[in-house]
Amino acid sequence: MSFEILKGMGTTLKNMGKKPTTISYPEEERDLAPRFRGRHVLHRYDNGLERCVGCYLCAGACPADAIYIEASENTEEERVSPGERYARVFDVNMLRCIFCGYCQAACPTGAITLEKEYKLASFHPEDLVYHKEQLLEAKGSATVGSNEVWADPAPEPDSAEQPVPQKSNVFDGSQASATAVGLGDYQTERPVLFEDPDQDADRRQLGK
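Residues numbered from 1 in each chain as written. Predicted model: local features only at pLDDT ≥ 70, side-chain atom pairs only at ≥ 80, totals over all residues. Heavy atoms only, no water.

Draft legend 1. Up close: the nonpolar core. Counting 24 residues, the largest nonpolar core has C58, I67, I69, F90, M94 and I112 as its most contacted members. Sorting elements by how many residues they give to this core places strand β3 (residues 85–93) first, with 3 residues. Once you skip the residues sitting within four places of it in the chain, I67 turns out to touch C58, A59, C62, F90, D91, V92, C103 and I112. (Core = buried A, V, L, I, M, F, W, Y, C linked by side-chain atoms within 4.5 Å. Buried < 20%, exposed > 50% of the residue type's maximum accessible area, 1.4 Å probe, protein only. Helix = DSSP H or I, 4+ residues; strand = E, 2+ residues; numbered from the N terminus. Contact = heavy atoms within 4.5 Å.)

Draft legend 2. The pattern of salt bridges, seen in detail. Inspection of every chain in the model, using the stated rule, returns 4 salt bridges. In this structure, K132 and E50 form a salt bridge, with 2.9 Å as the shortest nitrogen-oxygen distance. Note that K132 is positioned in helix α4 (residues 132–135) and E50 in the loop between β1 (40–42) and α2 (57–61), a separation of 82 residues in sequence. One salt bridge in this structure joins E76 and R79, with 3.4 Å as the shortest N-O distance. On the accessibility criterion, E76 (66% relative accessible area) is exposed. (Salt bridge = Lys/Arg side-chain N within 4 Å of Asp/Glu carboxyl O.)

Draft legend 3. Highlighting the environment of K119. Mapped onto the fold, K119 is located in the loop between β4 (112–114) and β5 (129–130). K119 gets classed as partly exposed once you look at its relative accessible area, which sits at 45%. It is 8.7 Å that separates the C-alpha atoms of K119 and G38, two residues lying 81 residues apart in sequence. Among all residues touching K119, those that are not within four sequence positions of it are Y25 and E29. At 2.7 Å, the side chain of K119 forms a polar contact with the side chain of E29. (Polar contact = N/O pair within 3.5 Å; in protein donor to acceptor, adjacent residues only side chain to side chain.)

Okay, structure coming up:
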């Protein structure tokens, strides 16, 4: 028993001189990792239009069914997004959200990201259903958010490897640069019309 006590005291003495890892929240806040997932943000383009086109892909990808969207059509008199539609209603239920990032990964326009806002406590559950007006960036601001750290960087032009098409219709494991695509032995274009040399010759004679 005494050995266990001495062992515990040794651990205490060993850490007495170290700087504490705790911080005085909320006066101090810890620096968050670049890929931290917090509250959602809806982004805009540089021209002020909303990135969201109301495609419902984020809602479909959400495993917790936390996103609710109602889409409306854009008009020339009132254009909200560059697409045919925009999200008239965009609600995120933070009580359901599991911060998995699937909505961000599914979005084709980079409209929704999970940012570093983590102060989401509330005494009333209805306050944790965030609406579009709360999620959307203010006019005059346009960012891509955490897409910068989550999205894979574009490959270098000389190192982009693409499979070469083959007649067997099965990728044989060969690799080529993006500029070499089309140098395989697979015919990419085929004649649409049937060819019959004999009949074609007869038609040419009739036309003379």
